[in-house]
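Inside the fold
As a plain string of letters, each chain reads:
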Amino acid sequence: SRGGLCAGSAPGSFGPPSHSTAETSDSTRMVSYTHSTIHVGDDVALGIGAVLWAAAPAYIEIRDKVMFCPNVTIMGGDHIIDVPGAFMADLYTKRPGDDLPVIIERDVWIGANVTVLKGVTLGRGCVVASGSIVTRSTEPFTIVGGVPARTLRDRFTPEQKLAHEQFMGPETPL
């Protein structure tokens, strides 16, 4: 069975309803997501306050063994902001590139208060430092951080990376 999502959400590929928010006993938001566009692998842990948002045709794919610290936001889309003579809130059409998938490969750790934007793939085994805004895809087994996020260093030596890749096996989509 696919899925192993923590934080009170159902595992696997979500179906309707289109939006959901889990509530804690003190009525604070735990997790908000759009069900039909989120796909989750095994052993995924979402920290409290996670927000996952992707409007079709975009989607968010979270593969196996991924950890989210609190308050991580994943945004698979964008709004049109450059139409003179129209309020942004009134623009409902989308252009190619306004909504793009976000893919989080296996064995990724995302620190607290991170935002990952549309079109990003977090390479397998990467670590994202707390407070980062990720605007570009990351290489596997790197540590990234900052606003915007950039590579800070490799997670492993070349020999360690090879051994860890052999341990993990090939990366496979959900």
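If you're wondering where the values come from, they're calculated on a predicted model, not measured in any experiment. (Residues numbered from 1 in each chain as written. Predicted model: local features only at pLDDT ≥ 70, side-chain atom pairs only at ≥ 80, totals over all residues. Heavy atoms only, no water.)

1. Points about the overall build of the protein chain
Counting its secondary structure elements, the protein chain contains one helix and 15 strands. A buried classification covers 40% of the 174 residues belonging to the protein chain. Counting only contacts in the protein chain whose residues sit at least 6 apart along the sequence, the fraction spanning at least 24 positions is 33%. (Helix = DSSP H or I, 4+ residues; strand = E, 2+ residues; numbered from the N terminus. Buried < 20%, exposed > 50% of the residue type's maximum accessible area, 1.4 Å probe, protein only. Contact = heavy atoms within 4.5 Å.)

2. Brief notes about the pattern of salt bridges
All chains considered together, the criterion is met by 11 salt bridges. The partner of Glu 61 in a salt bridge is Arg 63, and the shortest N-O contact between them spans 2.6 Å. Ionic pairing is found between Arg 63 and Glu 105, a salt bridge with its closest N-O pair at 3.7 Å. Here Arg 63, found in the loop between strand S5 (60-62) and strand S6 (67-68), pairs with Glu 105, found in the loop between strand S8 (102-104) and strand S9 (109-110); they are 42 residues apart in sequence, far enough to count as distant. (Salt bridge = Lys/Arg side-chain N within 4 Å of Asp/Glu carboxyl O.)

3. Observations regarding the sheet that holds S8
The strand order across the open sheet built from four strands is S3-S5-S8-S11, with neighbouring strands paired in parallel fashion. In the strand order of this sheet, the two ends are held by strand S3 (38-40) and strand S11 (121-122), each with one partner. Sheet topology places S3 next to S5; three bridges connect them, and they run parallel. Counted as the bridge partner of His 39 is Glu 61 from S5. (Pairing = 2+ DSSP bridges.)

4. Comments concerning the environment of Asp 107
Summarising the element assignment, Asp 107 is placed in the loop between S8 and S9. Here the alpha-carbon distance between Asp 107 and Asp 43, two residues 64 residues apart in the chain, equals 9.9 Å. Beyond its immediate sequence surroundings of up to four residues, Asp 107 is in contact with Asp 64, Lys 65, Val 66, Gly 125, Cys 126, Arg 155, His 164 and Met 168.

5. Examining the nonpolar core
Ranked by internal contacts, the top residues of the largest apolar core, which has 27 residues, are Ile 62, Phe 68, Ile 74, Ile 104, Ile 110 and Leu 122. Within the residue set of this core, elements represented by two or more residues are S3, strand S4 (50-53), S5 and S8. Not counting the four nearest positions on each side in its chain, Ile 110 is found in contact with Met 67, Phe 68, Cys 69, Val 72, Ile 104, Leu 122 and Val 128. (Core = buried A, V, L, I, M, F, W, Y, C linked by side-chain atoms within 4.5 Å.)

From the geometry alone we can't say anything about function, so treat these as descriptive.
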